[in-house]
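Topology and contacts: notes
If you want the building blocks of each chain, they are given just below.
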Protein chains: 2
Amino acid sequence: MSFTPLIRQLIDALRTLPGVGQKSAQRMALQLLERDRSGGLRLAQALTQAMEGVGHCKQCRTLSEDEFCPQCTDPRRDDSLLCVVEGPLDVFAVEQTGYRGRYFVLKGHLSPLDGLGPEAIGIPELEARIKAGHFSEIILATNPTVEGEATAHYIAQLLGGGDLVLSRIAHGVPLGGELELVDGGTLAHALAGRRPISS
Amino acid sequence: MSFTPLIRQLIDALRTLPGVGQKSAQRMALQLLERDRSGGLRLAQALTQAMEGVGHCKQCRTLSEDEFCPQCTDPRRDDSLLCVVEGPLDVFAVEQTGYRGRYFVLKGHLSPLDGLGPEAIGIPELEARIKAGHFSEIILATNPTVEGEATAHYIAQLLGGGDLVLSRIAHGVPLGGELELVDGGTLAHALAGRRPISS
């Protein structure tokens, strides 16, 4: 068989979603058609509104349909702290920790092989943001990957030497894990970064 | 954080897709917004067109935007065979095997506890379809679950006693599996349904 053209078109379109292959897309399409047409139409409308209405915050560059995002406009946040992350989802992750400073969202990480240099990921805008603000500490919270580390290192080199405190999020063993399952590199970081126990 | 309202609405709408939880929905929404807005808009359009344009084939009742589906209108198919399945995805699965007869698509399986009796799943329409056609064999290809078996049994009781050959798809060990991993019920079926090897 041959699904009919409209169904095939829907399945193909669903496959553009990350993590959705042919089988999942088929299941999604047929489930919506068989059981939840109003849900399907609601999704279509939400997609259209978001794709057309959401831009980037002019200050921190996270996704936002307003000129400035809620994190940038909140007057109760700490204006002396700036957390630099790779993407909008990282803002969400850091927010969960209770952090209440400001953010700057890069466009991913440095990746010279893909042609992504400092300009492409927004380093000049980060410098401008820091110059315009009154930060005492910049927290580099790029991902703990090779590229994320390199990006943090690059920014640290660029911004270092002044009064600004530059910090990097700690590497170590994740909570709830088991030592025997932790990779050697992480464990080495955890040992090197050990802290005295205050009794 | 708080995602902005349009993004939150999109994440909620994506969660109506089967198999998509909060984390996947976030990833999907942000990936579309960050990297593939035209893909998002294409998906919105495909959803709208399919939800509004796709109905059911008047003859076999599978999903189709035309009055009759490709399987019902193809003149080269075998008009003496009718395969009864639980849903449109099963049509797709059976098609992959090279089967080239006709289909009838039930609305799921009998489930008295959920109030789904013969009328709810379309048994009267199946009877009408069989009366109107010239079938020599009806293949009951409902799922090999308790409900699917019960549904096949019910249909067999209803249609039996005439010239019509009624058959049920074979139960047995799946290809590529290992015997030690096959459940006892399946293995019992495979033994009971053993076939002589023609040399």
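What counts, and where the lines are drawn
- Residues numbered from 1 in each chain as written.
- Chains lettered and ligands numbered in written order.
- Predicted model: local features only at pLDDT ≥ 70, side-chain atom pairs only at ≥ 80, totals over all residues.
- Heavy atoms only, no water.
- UniProt positions renumbered as here; feature names shortened; annotations may be inferred.
- Domains from an automatic or database assignment.
- Helix = DSSP H or I, 4+ residues; strand = E, 2+ residues; numbered from the N terminus.
- Expected span 1.5 Å × (residues − 1).
- Buried < 20%, exposed > 50% of the residue type's maximum accessible area, 1.4 Å probe, protein only.
- Contact = heavy atoms within 4.5 Å.
- Salt bridge = Lys/Arg side-chain N within 4 Å of Asp/Glu carboxyl O.
- Axes fitted to C-alpha atoms, helices over the stretch in contact; angles between N-to-C directions.
- Parallel < 35°, antiparallel > 145°, perpendicular 65-115°, else oblique.
- Left-handed = near helix turned anticlockwise from the far one by under 90°.
- Nonpolar A, V, L, I, M, F, W, Y, C, P; charged D, E, K, R; others polar.

Named according to an unreviewed UniProt entry, chain A is Recombination protein RecR originating from Pseudomonas nicosulfuronedens. As its UniProt record puts it under Sequence similarities (unreviewed entry), chain A is described as follows: "Belongs to the RecR family." For the record of chain A, the UniProt heading Function (unreviewed entry) holds the text "May play a role in DNA repair. It seems to be involved in an RecBC-independent recombinational process of DNA repair. It may act with RecF and RecO."

**A short note on the domain arrangement of chain A**
Taken domain by domain, chain A comprises domain 1 (5-53), domain 2 (56-168) and domain 3 (172-199). Taking only C-alpha atoms into account, the centre of domain 1 of chain A sits 43 Å from that of domain 3 of chain A.

**Overview of the UniProt feature "domain: Toprim" (unreviewed entry) in chain A**
Here, UniProt's "domain: Toprim" (unreviewed entry) annotation points to residues 80-174 of chain A. With 38% helix and 18% strand, residues 80-174 of chain A has its two end C-alpha atoms placed 28 Å apart.

**Quick look at helix α2 (residues 22-35) of chain B**
Residues three or four positions apart in an α-helix share a direction because the helix packs 3.6 residues into each turn. Taking 1.5 Å of rise per residue, the 14 residues of α2(B) would be expected to cover 20 Å, and the 20 Å separating its terminal C-alpha atoms lies within 8% of that figure. The set of residues buried in α2(B) consists of A25(B), Q26(B), M28(B), A29(B), L30(B), L32(B) and L33(B). On its buried face, α2(B) is in contact with α3 (37-53), β2 (63-64) and α5 (88-95) of chain A together with α1 (5-14) and α3 (37-53) of chain B.

**Quick word on the pattern of salt bridges**
As enumerated under the stated definition, the model contains 16 salt bridges over all chains in all. One salt bridge in this structure joins R61(B) and E125(B), with 3.8 Å as the shortest N-O distance. Here R61(B), found in the loop between β1 (55-56) and β2 (63-64), pairs with E125(B), found in helix α7 (residues 123-132); they are 64 residues apart in sequence, far enough to count as distant. Each of D74(A), R76(A), R77(A), E95(A) and R100(A) takes part in a single network of salt bridges with overlapping partners.

**Let's talk about the packing of α3(A) against α1(B)**
One way to put it is that α3(A) packs onto α1(B) with a least axis distance of 9 Å and a crossing angle of 150 degrees. Relative to α1(B), the element α3(A) is oriented roughly antiparallel. Crossing of α3(A) over α1(B) shows left-handed handedness. Side by side, α3(A) and α1(B) meet where R42(A), L43(A), A46(A), L47(A), Q49(A), A50(A), M51(A) and G53(A) of the first sit next to L6(B), Q9(B), L10(B), A13(B) and L14(B) of the second. Class assignment of the residues belonging to the contact of α3(A) with α1(B) gives a composition of nine nonpolar, three polar and one charged.

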